[in-house]
Amino acid sequence: MLIRILAIGNKMPSWVTAGYNEYAKRLSAPFALELIEIPAEKRTKNSDIPRLVERESEKLLAACKSTHRIIALDVEGERLSTAQLAKQLDLWKSNSRPIDLMIGGPDGLSSSCLQRAEKKWSLSPLTLPHPLVRIVLAEQIYRAFTILQKHPYHR
C-alpha cells in the first residue's frame, strides 16, 4: 500500500532529508512511503496569511489523487497511539486504497483541505517544526509497520 506524504516546503536541511529517508527505506511490502514536496508560498511581514494558506492548500489538493484516501494532519485531529496507528494501517491496507497524508505549511491547512480529508489526524498537541513532522511521521509509520510484522523494533 502506497502512503504519500504531501508536504508544503522544500529545500529541507540535510538532517531532515536523512532522517526521513532512513525510515522510508526501512519500510517494505506491503507498504511504501513517498514524499511529495510542494513549495511554500513566500511570506513577508505584510503577507496576507489566509490567502497564502489558501494557495498552499490548493496546491496540496491538486496533488491529491481522487482514488486515494486523503488524511489531513491537523492539531485538532484524532490522536492515535502507536498501537492504534498500527491497527488503522492494517485496516487501510485491507481496503487497498493508497493514502495521501497532507502536511500544511507554517500556518496550517485551509478549511477546504480539512473538509476534503476523510480523516484528520493529530501527531501531538505540541507545535512541531514542519521539517521535524516529516521525520516523526515516517518513524511512526515505520514503528506501526513493525508492530504489524511482529518485529522487535517497537519494544
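Remember, predicted model here, so these are calculated numbers, not experimental data. (Residues numbered from 1 in each chain as written. Predicted model: local features only at pLDDT ≥ 70, side-chain atom pairs only at ≥ 80, totals over all residues. Heavy atoms only, no water.)

(A) Structural context of the pairing of strand β2 (residues 32-38). In this structure, strand β1 (residues 2-8) lies alongside β2, joined through 7 bridges in parallel fashion. From the neighbouring strand, isoleucine 8 faces β2, where its bridge partner is isoleucine 38. (Pairing = 2+ DSSP bridges. Helix = DSSP H or I, 4+ residues; strand = E, 2+ residues; numbered from the N terminus.)

(B) The arrangement of the side chain of aspartate 100 in detail. You can see aspartate 100 is positioned in strand β4 (residues 99-103). Residue aspartate 100 is classed as buried on the basis of its relative accessible area of 0%. At a separation of 2.9 Å, a polar atom in the side chain of aspartate 100 contacts the side chain of histidine 68. Excluding its chain neighbours within four sequence positions, the residues that come into contact with aspartate 100 are Arg4, Leu6, Ala63, Cys64, Lys65, His68, Arg69, Ile70 and Ile71. (Buried < 20%, exposed > 50% of the residue type's maximum accessible area, 1.4 Å probe, protein only. Polar contact = N/O pair within 3.5 Å; in protein donor to acceptor, adjacent residues only side chain to side chain. Contact = heavy atoms within 4.5 Å.)

(C) Seen up close, the packing of helix α3 (residues 82-95) against helix α5 (residues 130-148). Taken N-terminus to C-terminus, the directions of α3 and α5 make an angle of 75°; their axes are 8 Å apart at the nearest point. Taken as axis vectors, α3 and α5 run roughly perpendicular relative to one another. On the side of α3, the interface is formed by Thr82, Ala83, Leu85, Ala86, Leu89 and Asp90, while α5 contributes Gln140, Ile141, Arg143, Ala144, Phe145, Ile147 and Leu148. Among the residues forming the contact of α3 with α5, the class breakdown is 9 nonpolar, 2 polar and 2 charged. (Axes fitted to C-alpha atoms, helices over the stretch in contact; angles between N-to-C directions. Parallel < 35°, antiparallel > 145°, perpendicular 65-115°, else oblique. Nonpolar A, V, L, I, M, F, W, Y, C, P; charged D, E, K, R; others polar.)

(D) Expanded view of the pattern of salt bridges. Under the definition given, this model contains 14 salt bridges. Linking aspartate 100 and arginine 4 is a salt bridge whose minimum nitrogen-to-oxygen distance equals 2.7 Å. With aspartate 100 in strand β4 and arginine 4 in strand β1, this pair connects stretches of sequence that are 96 residues apart. Notably, a salt bridge pairs glutamate 139 with arginine 143, separated by 2.9 Å at the nearest N-O pair. Taken as a pair, glutamate 139 and arginine 143 lie in helix α5 at a separation of 4 residues, close to a single helical turn. Each of the two residues, glutamate 139 as well as arginine 143, counts as buried. In this structure, a network of salt bridges that share partners links the residues Glu22, Lys25 and Arg26. (Salt bridge = Lys/Arg side-chain N within 4 Å of Asp/Glu carboxyl O.)

(E) Spatial organisation of the confidence of the model for the chain. Looking at the chain as a whole, its pLDDT mean stands at 93, while 99% of the residues score no less than 70. Within the chain, the lowest mean pLDDT, 93, falls on α3, and the highest, 97, falls on β4. (pLDDT = per-residue confidence, 0-100.)

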